[in-house]
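One-letter residues, chain by chain:
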Amino acid sequence: MQKEKEADFDALIRDLDNQVRTGKLKMEKSFAYLVSIYQKKGISPS
């Protein structure tokens with residue numbers, strides 16, 4: 001289970017990094033985006 005969470009987190013970070021690099025997402029909003037993804041998955045409380 002822990003390895004799955006780590007793999008999901010790594011994939012999410014790669015996607016987030018790609019969006020910032022291509023200009024689709026601003027760096028200032030990247031943390032809020034990351035938190036919202038984890039809230040939608042039920043990992044982080046709202």
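Everything that follows concerns the structure shown earlier in this document.
What comes next is a walk through the structure. (Residues numbered from 1 in each chain as written. Predicted model: local features only at pLDDT ≥ 70, side-chain atom pairs only at ≥ 80, totals over all residues. Heavy atoms only, no water.)

**Observations concerning the overall build of the chain**
Note the following rule: Secondary structure follows DSSP: runs of H or I at least 4 residues long count as helices, runs of E at least 2 residues long count as strands, and numbering of each begins at the N terminus. Throughout this description, buried means an accessible area under 20% of the type-specific maximum (1.4 Å probe, protein chains only), exposed means over 50%, and partly exposed covers the range between. Calculation of accessible area relied on Shrake-Rupley with a 1.4 Å probe; when residues are assessed, cover is drawn exclusively from the protein chains displayed.
When helices and strands are tallied, the chain shows 2 helices and 0 strands. Residues counted as buried form 17% of the 46 residues belonging to the chain. Surface summary for the chain: the accessible area is close to 4,000 Å², and the carbon and sulfur share equals 55%.

**Brief notes about helix α2 (residues 27-40)**
Keep this limit in mind: To estimate the expected span of a helix, subtract one from its residue number and multiply by 1.5 Å.
Spanning 14 residues, α2 covers 20 Å between terminal C-alpha atoms, matching the ideal 20 Å at 1.5 Å per step. Just beyond α2, the residue with positive phi is Gly42, at close to 85°.

**Comments concerning the nonpolar core**
For the record, the criterion: Put simply, a nonpolar core is a bunch of buried Ala, Val, Leu, Ile, Met, Phe, Trp, Tyr and Cys residues held in one set by side-chain atoms that sit within 4.5 Å of each other. Contacts: residue pairs with any heavy atoms within 4.5 Å of one another.
In this structure, Leu12, Leu16, Leu25, Leu34, Ile37 and Tyr38 together form the largest nonpolar core, which totals 6 residues. For this core, the secondary structure elements donating two or more residues are α1 (2-22) and α2. Of all the elements, α2 adds the most residues to this core, at 3 residues. When sequence neighbours within four positions are dropped, the list of residues in contact with Leu25 reads Leu16, Gln19, Val20, Ser30 and Tyr33.

**Overview of the pattern of salt bridges**
Inclusion rule: Any carboxyl oxygen of Asp or Glu that lies within 4 Å of a side-chain nitrogen of Lys or Arg is treated as forming a salt bridge with it.
Throughout the structure, instances matching the rule amount to 1 salt bridge. Arg21 is the partner of Asp17 in a salt bridge, and the nearest nitrogen-oxygen pair spans 2.9 Å. Of this pair, Asp17 and Arg21 both sit in helix α1, 4 residues apart, which is roughly one turn of that helix. Using a relative accessible area of 36% as the deciding quantity, one classes Asp17 as partly exposed. Among the residues examined, Arg21 registers a relative accessible area of 68% and is labelled exposed.

**Re the environment of Tyr38**
On the secondary structure map, Tyr38 appears in helix α2. With 29 residues separating them in the primary sequence, Tyr38 and Phe9 have C-alpha atoms 9.4 Å apart.

Read these as layout, nothing more, since geometry by itself doesn't imply function.
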